[in-house]
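Fold and geometry: a report
So the chains spell out like this:
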Amino acid sequence: MALCFTFEYNFMNKHNAELVNAANLSPKGSLGKLFLMARKYNHINDEISPQLPNTINSIRLSIIVGNAATFVAPNQPVAYKANQQKQLLLDLLKTIDGLSHVDKVVIKVDYI
């Protein structure tokens, strides 16, 4: 006995589909706010990455909630080394405008 599943693609009508340039999204909606936040974090990552030691320059700022900045490491060894460099990360963040309130750094591992 074989099970058969059908998947129907009704997400968009191909004839009425419009391309949307993500760079022109309005920040009024939740998706626009998400893009603005991503741009902000990408800018922060671009600023601090060159100043990091080679052993941890692959970590990326993921989110800032309250006074805690969470970084994501691609694997456990990089996360371990980044945990040993938390003060450096904190000092680098405090040099960026608007991030002087950050006083805690959390390192997570990206498990894909």
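Before going into details, it helps to say that this report is about the structure given with it.

Two strands in a sheet stick together by hydrogen bonds in their backbones, pointing the same way (parallel) or opposite ways (antiparallel). Pairing is mixed across the open sheet formed by three strands, whose spatial order is β1-β2-β3. Where the open sheet ends on each side, the last strands, each with one partner, are β1 (60–65) and β3 (104–109). The sheet shows a mean angle of 25 degrees between the axes of neighbouring strands, direction not considered. Each of β2 (68–73) and β3 is contacted by helix α2 (residues 76–83), which is oriented at about 170 degrees to β3, the strand it contacts most.

Most of β2 sits inside the fold, with five of its six residues counted as buried. With five bridges connecting them, β1 and β2 associate as antiparallel partners. For L61, the partnering residue across the bridge sits in β2 and is F71. The turn linking β1 back onto β2 is made up of two residues, and G66 within it adopts a positive phi angle of 65 degrees.

What follows covers the environment of A68. Along the chain, A68 falls in strand β2. Looking at A68, the relative accessible area reads 16%, which means it is buried. Expressed as a C-alpha distance, the spacing of A68 and V106, which sit 38 residues apart in the sequence, is 7.0 Å.

Thresholds, definitions, all that
Residues numbered from 1 in each chain as written. Predicted model: local features only at pLDDT ≥ 70, side-chain atom pairs only at ≥ 80, totals over all residues. Heavy atoms only, no water. Pairing = 2+ DSSP bridges. Helix = DSSP H or I, 4+ residues; strand = E, 2+ residues; numbered from the N terminus. Axes fitted to C-alpha atoms, helices over the stretch in contact; angles between N-to-C directions. Contact = heavy atoms within 4.5 Å. Buried < 20%, exposed > 50% of the residue type's maximum accessible area, 1.4 Å probe, protein only.

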